Each structure stands twice: as structure tokens, then as C-alpha cells.
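Survey of secondary and tertiary structure
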Amino acid sequence: MPFLRTTLAALAAGLTITGLLATPASATGAGDRGRHHSDAVVIAHRGASGYRPEHTLAAYKLAVKQCADYIEPDVVTTSDGVLVDRHEPEIGGTTDVADHPEFASRKTTKLLDGNPVTGWFTEDFTLAELRSLRAVERLPDLRPQNTKYDGLYQVPTLKEVLAYAAKTRTCSGKRVGVIPEIKHSTFFRQQGFDLEPKVVRLLHRYGFDSPRDPAVIQSFEISNLQRLNRMTRVRLVQLIDCAGGPYDQIAAGRQVTYADMVTPRGLRAISRYADQVGLCKDVMIPRKADGTLDAPTPVIRDAHRAGLTVVGWTFRRENNFLPAEFRSSSDPAAVGDLVGEIRTFLRAGMDQFFTDNPDLGVAAVRGRR
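Overview of the structure. (Residues numbered from 1 in each chain as written. Predicted model: local features only at pLDDT ≥ 70, side-chain atom pairs only at ≥ 80, totals over all residues. Heavy atoms only, no water.)

Where helix H4 (residues 158-166) meets helix H6 (residues 195-205), the closest approach of the two axes is 10 Å, and the angle between their N-to-C directions is 25 degrees. It follows from the interaxial angle that H4 and H6 lie roughly parallel. Both H4 and H6 take part in a crossing whose hand is right-handed. Residues Leu158, Lys159 and Leu162 of H4 touch H6, and the partners they reach there are Val199, Leu202, Leu203 and Arg205. (Axes fitted to C-alpha atoms, helices over the stretch in contact; angles between N-to-C directions. Helix = DSSP H or I, 4+ residues; strand = E, 2+ residues; numbered from the N terminus. Parallel < 35°, antiparallel > 145°, perpendicular 65-115°, else oblique. Left-handed = near helix turned anticlockwise from the far one by under 90°. Contact = heavy atoms within 4.5 Å.)

In C-alpha cells, the structure reads:
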């Protein structure tokens, strides 16, 4: 029997996104919603990735030290079926694999969600081989100060990240939360890897097995979240990009876009299988032609009306990522006013947010108290 997440509004309307969301709707899940809390939840995006190479235990430990509420591991797999923590299956930009001549022949081109990508892929390495690599800074031009940590850290397994979170407390004494994102589910299934059951088993093993536990599973796809709704009581978040649509739907020949999914009808449909919606920043507050923020769209209000917690992504301190009014100079790598940007989105009603700079995220939240 599916775990029940239907809001009353969705149950009454019986809405779907162009008929796609046919998973039986249910009725628990509308409860533990972040928008009823007095403080926004700060999620360390790939750890404190503004200060350490992303997706390393060092980045996660620094994030907790900076008082993040949650840490985010992105989940891919090795050839021998071990879940590991990388932003993408392609690891040329996040490890020193290019410096290992023994792996030169592994470089290849694959269709990743329909797009050709050239590089080295985790699913072509055993865990032991992957352990011989070391993490490097993904954005060296914008974060040259982080390159001094290149070569120091291994690629962690999901098991290691969950074990660390399970035994660690936040600055407020609560359990450290985890919000794993299952990457490219359709891509991996096409290659014979089924990530969802393994993620659920590991979460449950480390005590993350109910809506009350500080754990959320994320995906940009729809069908795997619907499947997860039948597998676990852990909260789920439907990720929404600024453009395009979920690849599982594209692969199935269905014409569903993320724009469809953030209409009132689409948000009510999401609430049938998920508890939260993770929105690209521009979906909440778009930018004008001059790069400054425009007025908020109705999406935050509509998501709340559907009973969904609103999570925003991704907030970074470098000018390159900031709206024009929060930049400190024309230097894209210089630090701007991230706290000011986050507070603008919090005032618009955002409940939780991903940031590469948890210390600044916490400062933004504390300013609301």
C-alpha cells in the first residue's frame, strides 16, 4: 500500500499533470511542513561547498560546524553497485581522475539524460578504483582559495555520510538532517542499476525511516518519487529546474515541462506523492533584463496552498551567482551580499534553502528572528 501524502485539495480535485500522476493518492504527508516553523531550514548544498571541495566528508563536517540543519549527498553508483556521493556520474571535474594514466582508457562519451557527455563515469569504476582518486574544487576560477584542498579527500560512500549524520548533532542539539538526491534515475536504470531501494535501505538502517526523522529524498524526475512514495515514509521533494522537464517523462514520450508542474494544478498533483517542492530561484523570483530581481511569482503561495513546503536552490556568495543589486563589484569571483539575497527570498515565503555557504545562510535566518 502506498504511503499517503495527498492534501485535501488534491484529493477533492483529483488532479494530475496531463494524466501522468496516476499513483494512488493518499492522506498523510500534509503534516510536518516547514512553512509552519518560525525559522527557515538551512541545507548545506553538497556540504559547505563554498569552502571545501564539494561532496567530501570535510565539506559536510564544516557545514555542521557552521550550524547547517541538513547536509546534502548526491547519489550515484559504482560498477560494483556501491552508492557513492558525487554531483554527477561524470567525475572529470570533481576528481583528479584525469591525472591517473591507468584510467585514461575509461574516458568515454555517454548520453546523459539525452545529452552527450564526455568524461569518466562512476559506474565504470569499482569502489576500490574510485577510492584511489581524490576530490578537487569544481569551480577553481570562482573559488581559487579552495584549490589548496585539492587531492586531500576521498569520494565518500552514501553509507559513510549517513553514518556521520546519524552520530552527529547540529548547533541546536538536534540530529543532523540528510537530504540525498538520487541522480539521473532513468539513466542508471537503463544501465541496469536500481538506486532507489538501496537508498531507502541505507536511510532506514541509520534511523531515517519516518516523516518525523530529519531526512528527505529528492529527485528531478517524477516516476521514481512516485515509486519511493510506495517504499518509504521518509519525506520526498520534487525538484523543479528553471527550464526543461523531467527526463523520465521525456524518455517515456510525455510532454511535461517544469513550467507545467509549478501551476496551481501541477503543484496540487505533486502533493499527491511528495511533501516538498524544490524550486530553482528564478522560478520564485525571476530576474529583470538588467539582472536585478523582479517581483515574486505566485508559485510560493500556490505551493503552500497545495500543502507543500517550499525549498529554494541554490544560494552562493560569489557575484557570479547573485542578482545585480547584491553584487559587490564586476569581479565574478568576489563576494557579494548573499545574506541580503536570501532574506529577500525568505520574505517572499521560502521555507528552506540550499546554500554553498551555510554560515551566511544561518546569518540570514537569524536576522528573521
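Now that the structure has been shown, the text picks up again.
On to H4. Since the α-helix packs 3.6 residues into each turn, any two residues three or four apart lie on the same face. Buried within H4 we find Leu158, Val161, Leu162, Tyr164 and Ala165. Down the axis of H4, the smallest arc covering the buried residues is 160 degrees, so these residues share one side. Contacts made by the buried residues of H4 are with helix H2 (57-65), strand E2 (70-71), strand E3 (74-77), strand E4 (83-85), strand E7 (177-178) and H6. (Buried < 20%, exposed > 50% of the residue type's maximum accessible area, 1.4 Å probe, protein only. Arc of directions from axis to C-beta.)

Attention now goes to the state of the cysteines. Summed over the entire model, instances satisfying the criterion amount to two disulfides. A sulfur-sulfur separation of 2.1 Å characterises the disulfide bridge that pairs Cys67 with Cys171. Across the S-S bond of Cys67 and Cys171 the torsion is about -85 degrees, and the bridge reads as left-handed. On the criterion of sequence distance, the pair formed by Cys67 in the loop between H2 and E2 and Cys171 in the loop between H4 and E7 is long-range, its members being 104 residues apart. (Disulfide = S-S within 2.5 Å.)

Our next topic: the environment of Glu181. Here Glu181 lies in strand E8 (residues 181-182). Given the relative accessible area of 5%, Glu181 is considered buried. Along the primary structure Glu181 and Phe220 are separated by 39 residues, whereas in three dimensions their C-alpha atoms are 8.6 Å apart. If near-sequence neighbours (up to four positions away) are discounted, Glu181 is found in contact with Glu72, Pro73, Asp74, Val75, Gln218, Phe220 and Leu239.

Here the focus is unusual backbone geometry. For the peptide bond that leads from Trp313 to Thr314, omega is -15 degrees, which places it in the cis range. Mapping Thr314 onto the fold places it in strand E12 (residues 309-315). If you check the backbone angles, Asp113 has positive phi at about 55 degrees while not being a glycine. Of note, Asp113 is situated in the loop between strand E5 (108-112) and strand E6 (115-119). In the Ramachandran plot, His184 falls in the positive-phi region, its phi being about 50 degrees despite a non-glycine side chain. Structurally, His184 is set in the loop between E8 and helix H5 (185-190).

Core analysis: the largest hydrophobic core is formed by 95 residues, its most contacted members being Ile71, Ile217, Leu279, Met284 and Phe353. Setting aside residues up to four positions removed in sequence, Phe353 forms contacts with Ala40, Val41, Val42, Ile43, Val311, Gly312, Phe315, Ile342, Leu346, Gly361 and Val365. (Core = buried A, V, L, I, M, F, W, Y, C linked by side-chain atoms within 4.5 Å.)

Next up on the list: the packing of aromatic side chains. Applying the stated criterion to the full structure yields seven aromatic pairs. When the ring of Phe103 is compared with that of Phe125, the centres are 5.0 Å apart and the planes differ by 70 degrees; the resulting orientation is edge-to-face. With Phe103 in the loop between E4 and E5 and Phe125 in the loop between E6 and helix H3 (127-131), this pair connects stretches of sequence that are 22 residues apart. The exposure class of Phe103 is buried, given its relative accessible area of 6%. Its relative accessible area of 0% is what places Phe125 among the buried residues. With a centroid separation of 5.2 Å and 70 degrees between ring planes, the pair formed by Phe187 and Phe188 is classed as edge-to-face. Across the pair, exposure class does not vary: Phe187 and Phe188 are buried alike. Ring pairing ties together the aromatic residues Phe187, Phe188 and Phe193, which thus form one cluster. The ring of Phe125 has Arg106 sitting right over it, with the charged end atom 5.1 Å from the ring centre. (Phe/Tyr/Trp six-rings, centres within 6.5 Å; stacked < 30°, edge-to-face > 60°. Lys NZ or Arg CZ within 6 Å of the ring centre and 35° of its normal.)

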